[in-house]
Amino acid sequence: QVQLVESGGGLVQAGGSLRLSCAASGHTFSSYPMGWFRQAPGKERDFVAAITRSGSTTYYADSVKGRFTISRDNAKNTVYLQMNSLKPEDTAVYYCAASSGGGSLNYAYVYDYWGQGTQVTVSS
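## Quick notes on the overall build of the protein
No. 1: Within the protein, the regular secondary structure consists of zero helices and eleven strands.
No. 2: Helices and strands appear in the protein in the N-to-C order β-β-β-β-β-β-β-β-β-β-β.
No. 3: The C-alpha radius of gyration computed for the protein amounts to 13 Å, which stays within 12% of the reference 14 Å derived for 124 residues, consistent with globular compactness.
No. 4: The dimensions of the protein, computed from C-alpha atoms along their principal axes, are 40 × 25 × 25 Å.
No. 5: Evaluated residue by residue, the protein yields a buried proportion of 44% over its 124 residues.
No. 6: Sequence-distant contacts, at least 24 apart, represent 56% of the contacts inside the protein between residues at least 6 apart.
No. 7: A total of about 6,200 Å² of accessible surface is found on the protein, and carbon and sulfur atoms cover 47% of it.

Structure follows, in structure tokens:
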């Protein structure tokens, strides 16, 4: 069982930056590939970024590639999402998730554990 708690959301102007953090409980954090998803009002939950267990490989949605960076610190049981050059269309609730493995990391169904989400609002 893994419990995930996101933090770092807030209100920022377009062009600004935010860094989201996701703290995980438990002693096996390093065994889980991790992902970030986001959901805007009235829309489906969309893939944002993912990272493998060791952090050696990362994946990004086309809409955030070059602006967002996912990273992890297994010693701190934490995964991060650095968001730069933010746009109003990035406004959403951002969720981190942990996968027990198996399947493509850009699909929500491969993730078994989810955080409660943190709101990111980008004003124009």
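After that view, the rundown keeps rolling.
## Looking at the state of the cysteines
No. 1: Tallied over the full model, the rule gives one disulfide.
No. 2: Put simply, C22 and C96 are joined by a disulfide, and their sulfur atoms are 1.9 Å apart. Between C22 and C96 the disulfide shows an S-S torsion of about 45 degrees. By sign, it is right-handed. Taken together, the positions of C22 in strand β3 (residues 18-24) and C96 in strand β9 (residues 92-99) put the pair 74 residues apart, joining distant regions of the chain.
No. 3: A relative accessible area of 0% means that C22 is categorised as buried.
No. 4: Taking the relative accessible area as the measure of exposure, C96 reaches 0% and is therefore buried.

## Side note on unusual backbone geometry
No. 1: Backbone geometry places N77, a non-glycine residue, at a positive phi of 55 degrees.
No. 2: With a phi angle near 50 degrees, S85 is a residue other than glycine that sits in the positive phi range.

## Quick look at the packing of aromatic side chains
We describe a pair of aromatic rings using the distance from one ring centre to the other and the angle between the two ring planes.
No. 1: Tallying each qualifying case throughout the model produces six aromatic pairs.
No. 2: Note on F37 and F47: the rings are 5.7 Å apart at their centroids and 75 degrees apart in plane angle, and the pair reads as edge-to-face. In this pair, F37 is assigned in strand β4 (residues 34-39) and F47 in strand β5 (residues 45-51), connecting sequence segments ten residues apart.
No. 3: Overall, F37 belongs to the buried group, its relative accessible area being 1%.
No. 4: Overall, F47 belongs to the buried group, its relative accessible area being 15%.
No. 5: Three or more aromatic residues link up through ring pairs in this structure, and these residues are F37, F47, Y111 and W114.
No. 6: Positioned above the aromatic ring of Y80 is the side chain of R19, whose terminal nitrogen or guanidinium carbon lies 4.0 Å from the ring centre.
No. 7: Taking NZ or CZ as reference, R72 lies 4.5 Å from the ring centre of F29, over its face.

## Digging into the pattern of salt bridges
No. 1: Using the criterion set out here, one finds three salt bridges in the structure.
No. 2: The salt bridge involving K65 is made with D62; its shortest N-O contact spans 3.2 Å.
No. 3: When salt bridges with common partners are traced through the structure, they connect R38, R67 and D90 into a single cluster.

## Overview of the nonpolar core
No. 1: Within the largest apolar cluster, 37 residues are counted, with the highest numbers of intra-cluster contacts made by L4, M34, W36, L81, M83 and Y94.
No. 2: Among residues more than four places away in sequence, those in contact with M34 are L4, C22, F29, A49, A50, I51, I70, R72, V79, A97, A98 and Y111.

About the criteria used
- Residues numbered from 1 in each chain as written.
- Predicted model: local features only at pLDDT ≥ 70, side-chain atom pairs only at ≥ 80, totals over all residues.
- Heavy atoms only, no water.
- Helix = DSSP H or I, 4+ residues; strand = E, 2+ residues; numbered from the N terminus.
- Rg over C-alpha atoms; globule rule 2.2 N^0.38 Å.
- Buried < 20%, exposed > 50% of the residue type's maximum accessible area, 1.4 Å probe, protein only.
- Contact = heavy atoms within 4.5 Å.
- Areas by Shrake-Rupley, 256 points an atom, 1.4 Å probe, with all protein chains shown as cover.
- Disulfide = S-S within 2.5 Å.
- Phe/Tyr/Trp six-rings, centres within 6.5 Å; stacked < 30°, edge-to-face > 60°.
- Lys NZ or Arg CZ within 6 Å of the ring centre and 35° of its normal.
- Salt bridge = Lys/Arg side-chain N within 4 Å of Asp/Glu carboxyl O.
- Core = buried A, V, L, I, M, F, W, Y, C linked by side-chain atoms within 4.5 Å.

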